[in-house]
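Spelled out from the first residue to the last, the chains are:
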Amino acid sequence: MADHHGAYCIDRPDFGSLFSALKKRGYSLVGPTVQDGAIVFDEIEAVDDLPEGWTDEQDAGTYRIRKRDDKALFGFNSGPHSWKKFLYPSETKLWSARRTEDGFEIEEGEKTIPQYAFIGVHPCDLRAIEIQDKIFMAPDTADPRYGRKREAAFVIALNCGQASKTCFCTSMGTGPRAESGFDIALTEIMGEGYHYFLAESGSERGHDVLRESGCRSAADIDFESAAKVSRQAVDGQIRAIDTNGIKEMLYRNYENKHWEDVAERCMSCANCTLVCPTCFCSKTEDEMSLDGEIADRWRYWDSCFTLDFSYIHGGTIRQTIRSRYRQWMTHKLAAWYDQFGSSGCVGCGRCIAWCPVGIDITAEVKALRESEGGKKNG
Ligand code: SF4
Ligand code: SF4
């Protein structure tokens with residue numbers, strides 16, 4: 001029998017003990033919940049808050065939830081929210097300036113930093129968090145708020161057991177099994193008469209929490225069952241991106257006529273950037289109280305699909321939708337490698353499901369490649 005040090009099994013009735021161990025350590029629990037016809041992330045208190053027995057059906061321009069035939073706690077894929085909702089919120093007060101007798105004083109916008117435990121982070125989203133770390137925790141571009149929240153966060157990953165029609169993590173090398181970047185990784189294993197979680201620790205603090213959570217040690221058979229769960233998620237993926245030479249392919253296709261074709265469909269609504277777990281562009285705005293005593297500086301998510309985003313003195317640089325979609329996709333799948341050493345896309349499929357006209361990044365890459373005919377990789 002293999003040595004499975006740090007791996008345990010938690011039976012479904014005991015799953016709440018994991019929550020208790022985290023709460024005891026002062027964490028605010030954040031996880032998936034059903035709200036407004038979608039599975040979204042929010043603060044949760046107990047296992048009952050999870051979307052037990054729910055799943056989602058997704059395709060280009062489509063997202064619906066429906067009941068499952070079983071009582072899986074994590075039987076769904078990516079929803080409209082990503083974890084940037086907590087680490088890099090859509091609205092952040094950066095600071096306030098208050099008038100004083102001899103000038104003004106500055107107060108930090110976020111005085112307390114929450115200590116989150118993220119419960120059920122899909123492997124693609126783990127990679128998305130790692131990508132945002134490279135941006136917000138790099139010495140030159142660091143956002144101290146992000147860094148403090150990130151360092152305090154306890155991460156429980158959830159290895160996927162199914163894929164939606166929009167998932168393509170396998171082709172991006174980001175899932176459906178978490179390899180690193182977590183404190184605990186769960187695999188939900190269920191069948192006739194059994195329902196439990198294989199829980200693998202990825203850090204010392206993860207191991208401590210598991211030891212305290214009423215777990216039994218994992219055996220070979222549990223790992224074999226978990227491998228079958230992951231296999232289902234691989235086999236269920238119907239979309240893919242061929243990443244071979246993709247950077248060079250996009251760089252040599254700035255003038256491809258296919259961008260016009262996309263621009264006829266794209267409404268430049270920015271949904272794709274807002275749901276994307278790696279998109280990080282923002283704008284800052286100042287707001288002043290009417291009496292002139294207080295000025296607040298806010299940061300809001302922005303998008304390369306807005307005209308203002310590329311506005312410099314004298315006008316907007318990317319005036320056409322063609323140029324804005326090209327910018328988005330070429331940044332994600334090409335320039336990102338030069339800037340951050342990896343793809344900016346983790347294959348979560350959110351931009352496909354939440355695009356109101358069903359524009360599909362995997363199909364657009366394929367179309368560009370096909371338009372090149374014989375000219376291939378590199
Ligand atoms: S690709 Fe779709 S989601 Fe993105 S801006 Fe265009 S219409 Fe909106
Ligand atoms: S580009 Fe689309 S599929 Fe890729 S990470 Fe962003 S939302 Fe997910």
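Here is what the cut-offs are and how they apply
Residues numbered from 1 in each chain as written. Chains lettered and ligands numbered in written order. Predicted model: local features only at pLDDT ≥ 70, side-chain atom pairs only at ≥ 80, totals over all residues. Heavy atoms only, no water. Axes fitted to C-alpha atoms, helices over the stretch in contact; angles between N-to-C directions. Helix = DSSP H or I, 4+ residues; strand = E, 2+ residues; numbered from the N terminus. Parallel < 35°, antiparallel > 145°, perpendicular 65-115°, else oblique. Contact = heavy atoms within 4.5 Å. Nonpolar A, V, L, I, M, F, W, Y, C, P; charged D, E, K, R; others polar. Salt bridge = Lys/Arg side-chain N within 4 Å of Asp/Glu carboxyl O. Buried < 20%, exposed > 50% of the residue type's maximum accessible area, 1.4 Å probe, protein only. Domains from an automatic or database assignment. Buried area = accessible area lost by both parts, 1.4 Å probe. Polar contact = N/O pair within 3.5 Å; in protein donor to acceptor, adjacent residues only side chain to side chain. Near = heavy atom within 4 Å. Phe/Tyr/Trp six-rings, centres within 6.5 Å; stacked < 30°, edge-to-face > 60°.

Running from N to C, helix H11 (residues 321-340) and helix H13 (residues 361-371) cross one another at 90°; their axes reach a closest spacing of 12 Å. Taken together, H11 and H13 sit at an angle that is classed as roughly perpendicular. Together, Tyr325, Trp328, Met329 and Leu333 of H11 and Ile361, Glu364, Val365 and Leu368 of H13 make up the contact between the two elements. Across the contact of H11 with H13, the residue classes break down as seven nonpolar, no polar and one charged.

Attention shifts here to the pattern of salt bridges. Opposite charge on two side chains permits pairing when their charged atoms draw close. Under the counting rule described, the total for this entry stands at 34 salt bridges. In this structure, Glu45 engages Lys23 in a salt bridge whose closest nitrogen and oxygen atoms are separated by 3.2 Å. With Glu45 in the loop between strand S3 (38-43) and strand S4 (54-59) and Lys23 in helix H1 (residues 16-24), this residue pair connects regions lying 22 residues apart in the sequence. Linking Lys149 and Glu110 is a salt bridge whose minimum nitrogen-to-oxygen distance equals 3.4 Å. Placement of the pair is Lys149 in helix H4 (residues 144-152) and Glu110 in the loop between strand S7 (103-108) and strand S8 (116-121), with a sequence separation of 39 residues. We note that Lys149, like Glu110, is buried.

Further remarks concern the domain arrangement of the protein chain. Segmenting the protein chain into domains produces domain 1 (7-235) and domain 2 (246-371). Taking both sides of the interface into account, the surface hidden between domain 1 and domain 2 amounts to around 3,500 Å²; carbon and sulfur atoms contribute 59%. Area buried by domain 1 at its contact with domain 2 is led by Lys84, Tyr88 and Phe168, which between them contribute 16% of it. Taken together, the links from domain 1 to domain 2 amount to three salt bridges. Between Asp125 and Arg350 there is a salt bridge whose closest N-O contact spans 2.7 Å. Applying the counting rule to domain 1 against domain 2 returns 30 residue pairs in polar contact (both at pLDDT 80 or more). Listing elements by their share of the side of domain 1 that touches domain 2, those giving two or more residues are S4, strand S5 (62-67), strand S6 (91-100), helix H3 (123-136) and helix H5 (169-172). Here the side of domain 1 that touches domain 2 is built from residues that sort into 18 nonpolar, 13 polar and ten charged.

This brings us to unusual backbone geometry. Here Gly175 and Pro176 are connected by a cis peptide whose omega angle stands at 10°. Looking at the element boundaries, Pro176 is found in the loop between H5 and strand S10 (184-191). One non-glycine residue, Asp36, lies in positive phi territory at about 50°. Relative to the elements of secondary structure, Asp36 occurs in the loop between strand S2 (28-35) and S3. A residue is classified by how much of its surface remains accessible, and Asp36, at 82% relative accessible area, is exposed. Not every positive phi belongs to a glycine, and Ala270 is a case in point at roughly 80°. As for its placement among the helices and strands, Ala270 is situated in the loop between helix H9 (258-265) and helix H10 (271-275).

Before going further, it helps to spend a moment on the site of ligand 2. In the vicinity of ligand 2, the contacting residues are Phe168, Cys276, Pro277, Trp328, Lys332, Cys345, Val346, Gly347, Cys348, Gly349, Arg350 and Cys351. Class assignment for the residues of the shell around ligand 2 results in eight nonpolar, two polar and two charged.

Evaluation of the coordinates by the stated rule reveals 26 aromatic pairs. Taking 4.7 Å as the distance between ring centres and 40° as the angle between the ring planes, the aromatic pair formed by Tyr88 and Phe136 counts as tilted. Here the residue Tyr88 occupies a position in the loop between helix H2 (84-87) and S6, and Phe136 occupies one in helix H3, the gap between them amounting to 48 residues. Take Tyr88 and Phe136: they sit in the same class, and that class is buried. Measuring from ring centre to ring centre gives 6.1 Å for Phe305 and Trp328, while their planes differ by 55°; the resulting arrangement is tilted. Taken together, the positions of Phe305 in the loop between strand S14 (294-301) and strand S15 (311-312) and Trp328 in helix H11 put the pair 23 residues apart, joining distant regions of the chain. Per residue, the accessibility class of Phe305 equals that of Trp328, and both read buried.

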